[in-house]
Amino acid sequence: KQMRKSYTNMKSWRDLREEIINKTPIEKITETVNYWSKVGRVNYYMDWDKPENWVNPWEIINDDYYDDVALSIMMLETLIYTGFDTSDISLHFIINKEDNCRFMVCVVEGKYLLNYSHNEVIDFEENKNKFSIIDSFKRINNGKYERITC
């Protein structure tokens, strides 16, 4: 049963990428956020501060657990596999100043904030005073992630 669900999830993700590959950047971003907003969330799956241990997107889909780290990674990977350059997307572990919540977000082209608010693409510049960045990460060529300084 798990194998069938894993196959279905992987096919669904592939179908999304094929559907959006020729769309505009903002359409790709919006549809990616919408797609990943529909998966069930868990509180904890991956350590946000250990990028060397983060699993690849196929392992995330196979395990079928999505915390804020996994969701941000899957949004980033979806966009990369549909034509975005890795240099245009980064992950940031943040603390929300209003409620002290800590979670991972994805920032695209320095303008779009993903995984900050459920199923919404948020303007990064308009909202950057609402949170503090604790740590930042970039995807590197081998599909792994490394810390960056902002």
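Residues numbered from 1 in each chain as written. Predicted model: local features only at pLDDT ≥ 70, side-chain atom pairs only at ≥ 80, totals over all residues. Heavy atoms only, no water.

Peer 1: Can you tell me about empty space enclosed by the protein, naming the residues and giving the values?
Peer 2: By the definition in use, this model includes 1 cavity of 30 Å³ or more. The calculated volume of the largest cavity comes to roughly 50 Å³. V33, W36, S37, R41, L71, M75, N115, S117, H118, N119 and E120 are the residues that line the largest cavity. Counting residues per element, the ones that place at least two in the lining of the largest cavity are α2 (25-36) and α4 (68-80). (1 Å grid on protein atoms, 1.4 Å probe; cavity = no way out; pocket = protein on both sides within 12 Å on 5 of 7 lines; lining within 4 Å. Points joined across faces, edges and corners; volume = space filled by probe spheres on them. Helix = DSSP H or I, 4+ residues; strand = E, 2+ residues; numbered from the N terminus.)

Peer 1: Explain unusual backbone geometry residue by residue, including any values.
Peer 2: Negative phi values dominate among residues other than glycine, just as trans dominates among peptide bonds. Positive phi outside glycine occurs at N100, with the angle close to 65°. Of note, the phi angle at E109 is positive, near 55°, even though the residue is not glycine. With respect to the helices and strands, E109 occurs in the loop between β2 (102-108) and β3 (112-114).

Peer 1: I'd love a proper account of the pairing of strand β1 (residues 89-96), names of residues and values included.
Peer 2: Of all 8 residues making up β1, 8 are buried, and the element is well covered by its neighbours. Neither face of β1 is left uncovered, since the one carrying I89, L91, F93 and I95 and the one carrying S90, H92, I94 and N96 both have all their residues buried. Both β1 and β2 contribute to a ladder of 7 bridges, which runs antiparallel. Paired with F93 across the two strands is M104, which belongs to β2. In terms of strand pairing, β1 meets strand β5 (residues 131-139) through 6 bridges, oriented antiparallel. Each bridged residue has a counterpart across the sheet, and for F93 the counterpart in β5 is D135. (Buried < 20%, exposed > 50% of the residue type's maximum accessible area, 1.4 Å probe, protein only. Pairing = 2+ DSSP bridges.)

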